[in-house]
Amino acid sequence: MSSASSGSLPRYILIRILLVVPMMFVLLSIVFLLLRVAPGDPVSAAVGDKLSPEALESRRAALGLDRPLVVQYLEYLGRVAQFDFGRTISDNRPVLDIIKNQGGATLTLTLGAFLFALVIALPLGRLAGRHRDTALDAVIRIFGVVSYAAPVFWVGILLVLLVITYVPDWPTFGIASAETEFYVPDRSGIILVDAILANDSQSVVDVLQHHVLPCFTLGLLLSGVIIRLVRVNVIQTLKDDYVEAARARGIPERRVVRKHAFRNALVPVITVIGLQFALVLSGAILTERTFNWPGLGNELVTYVTARDYVAVQGLVTFFAVAVVIVSVVVDVLNALVDPRVRY
């Protein structure tokens, strides 16, 4: 196939970036409409029992809720384009400030979960693929199904009970001890980075210890998907001609799997890992509530409970934007490692 007909990498990246526009338009429209069809008035639902009727009407006007729906929609799109996610109704905070203050905790939680998921899933998926239809394969497949299907909050509570019983000194809640949060200066919004910048090794260890249990819990949820994907790809790759050729040259089976089959089986995994970002964010909400983690998921549940629709809309919009950006980055990375991916 000629290079012109198969497309080029710059063209693929350009088209992929251009596709962000309709994708974002659809996502933002869905978020806006879903929150508008919710029953009741947002201002009355959030602070109706605290303000007078005149003050409620003034708050509605300030938020633009007294304008036609089309005008609200256009203003919403314009604010998002300027990274303005609005102000909360219940405590009058800019949503962007909430994202800046709490986003670091959610970021370290999701990155730690991805790290645990890869450490758990890649070797297990490789083992299951190499020893297909054996007892070891069956055990690993059952583990993958259970880790994916088990509710993350239930797994988290069980792990907390285990740790409290057998390792009572290990931290089970929060992102750091009270001493670390008090003494480490806030510079980046990410307490782990701040502890490193402060050159405080004791605080770094303390923060890492607090990360282990929540990140491991969320990582288990993601590992089930990756295990099954790696297993299937290893099995398919082991049937390819170049793998048979490697065997015919007398290369040991272990080296054939490691050097020829496993590496190529990882290419589709990159795409799926990116697609799992939305799953990790939804799991992060439950994980943060389980471990009292000061992240965006915890804030989202708090504002949902307070029926603060503007705050919920702003945070959900931010999550949607993050998922779109990550999907584009993953697609570009996939195209860089796999020359077959082109428009």
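Everything numeric here is computed off the predicted structure, so don't read it as measured data. (Residues numbered from 1 in each chain as written. Predicted model: local features only at pLDDT ≥ 70, side-chain atom pairs only at ≥ 80, totals over all residues. Heavy atoms only, no water.)

Trainee: Tell me what's going on with the overall build of the chain, and back it up with residues and numbers.
Mentor: Scanning the chain from N- to C-terminus turns up 18 helices and zero strands. Taking the principal axes of the C-alpha coordinates as reference, the chain spans close to 85 × 60 × 40 Å. Across the 343 residues in the chain, those meeting the buried criterion constitute 44%. Taking the contacts inside the chain whose residues are at least 6 apart along the sequence as the reference set, 72% of them involve residues at least 24 apart. Of the roughly 18100 Å² of accessible surface on the chain, 66% is carried by carbon and sulfur atoms. A gap of 13 Å separates the mean positions of the 30 positive and 27 negative side-chain charges of the chain. (Helix = DSSP H or I, 4+ residues; strand = E, 2+ residues; numbered from the N terminus. Buried < 20%, exposed > 50% of the residue type's maximum accessible area, 1.4 Å probe, protein only. Contact = heavy atoms within 4.5 Å. Areas by Shrake-Rupley, 256 points an atom, 1.4 Å probe, with all protein chains shown as cover. Lys, Arg positive; Asp, Glu negative; His and termini not counted. Charge placed at Lys NZ, Arg CZ, Asp CG, Glu CD.)

Trainee: Mind laying out the nonpolar core, listing which residues take part and the relevant values?
Mentor: By size, the foremost hydrophobic cluster in this structure holds 65 residues, and its most contacted members are Leu218, Ile226 and Leu315. Formed by nine residues, the second largest nonpolar core is a distinct cluster that contains Val155, Leu159, Val163 and Phe291. (Core = buried A, V, L, I, M, F, W, Y, C linked by side-chain atoms within 4.5 Å.)

Trainee: Residue-level account of the environment of isoleucine 175, with values.
Mentor: Take isoleucine 175: it is sitting in the loop between α9 (152-166) and α10 (178-183). Taking C-alpha positions, isoleucine 175 is 9.3 Å from leucine 192, a pair spaced 17 residues apart along the chain.

Trainee: An account of the layout of surface pockets is needed here, citing residue identities and associated values.
Mentor: Considered as a void within the structure, the largest pocket measures approximately 390 Å³ in volume. Considering the residues around the largest pocket, the lining is formed by 26 residues, among which Leu63, Arg79, Gly86, Arg87 and Val310 are closest to the centre. Taken together, the elements giving at least two residues each to the lining of the largest pocket come down to α3 (20-36), α5 (53-63), α6 (69-81) and α18 (309-337). As for the second largest pocket, its lining consists of 14 residues, of which Asn101, Ile175, Asp186, Gly189 and Ile191 are closest to the centre. Elements with a minimum of two residues in the lining of the second largest pocket: α7 (95-130) and α11 (191-197). Take the lining of the second largest pocket: its biggest share by element is four residues, from α7. The residue makeup of the lining of the second largest pocket, split by class, is seven nonpolar, four polar and three charged. (1 Å grid on protein atoms, 1.4 Å probe; cavity = no way out; pocket = protein on both sides within 12 Å on 5 of 7 lines; lining within 4 Å. Points joined across faces, edges and corners; volume = space filled by probe spheres on them. Nonpolar A, V, L, I, M, F, W, Y, C, P; charged D, E, K, R; others polar.)

Trainee: So what's going on with a positive patch on the surface? Which residues, and what values?
Mentor: On the surface, Arg130, Arg254, Arg255, Arg258, Lys259 and Arg263 cluster together into a positively charged patch. Looking at the positive patch, the element that brings in the most residues is helix α14 (residues 253-265), giving five residues. Mapping arginine 130 onto the fold places it in helix α7. (Patch = residues over 30% accessible without salt bridge, like charges linked within 9 Å, V, L, I, M, F, W, Y side chains within 5 Å. Salt bridge = Lys/Arg side-chain N within 4 Å of Asp/Glu carboxyl O.)

Trainee: Now, about α3: what can you tell me, with residues and values included?
Mentor: One turn of an α-helix holds 3.6 residues; hence residues three or four places apart share an orientation. The end-to-end C-alpha distance of α3 is 24 Å, a good match for the 24 Å that 17 residues give at a rise of 1.5 Å each. For α3, the complete set of buried residues consists of Met24, Leu28, Ser29, Val31, Phe32 and Leu35. Within α3, the buried residues cover an arc of 165° as seen down the axis, which keeps them to one side. Packing partners of the buried residues in α3 comprise α6 and α18. (Expected span 1.5 Å × (residues − 1). Arc of directions from axis to C-beta.)

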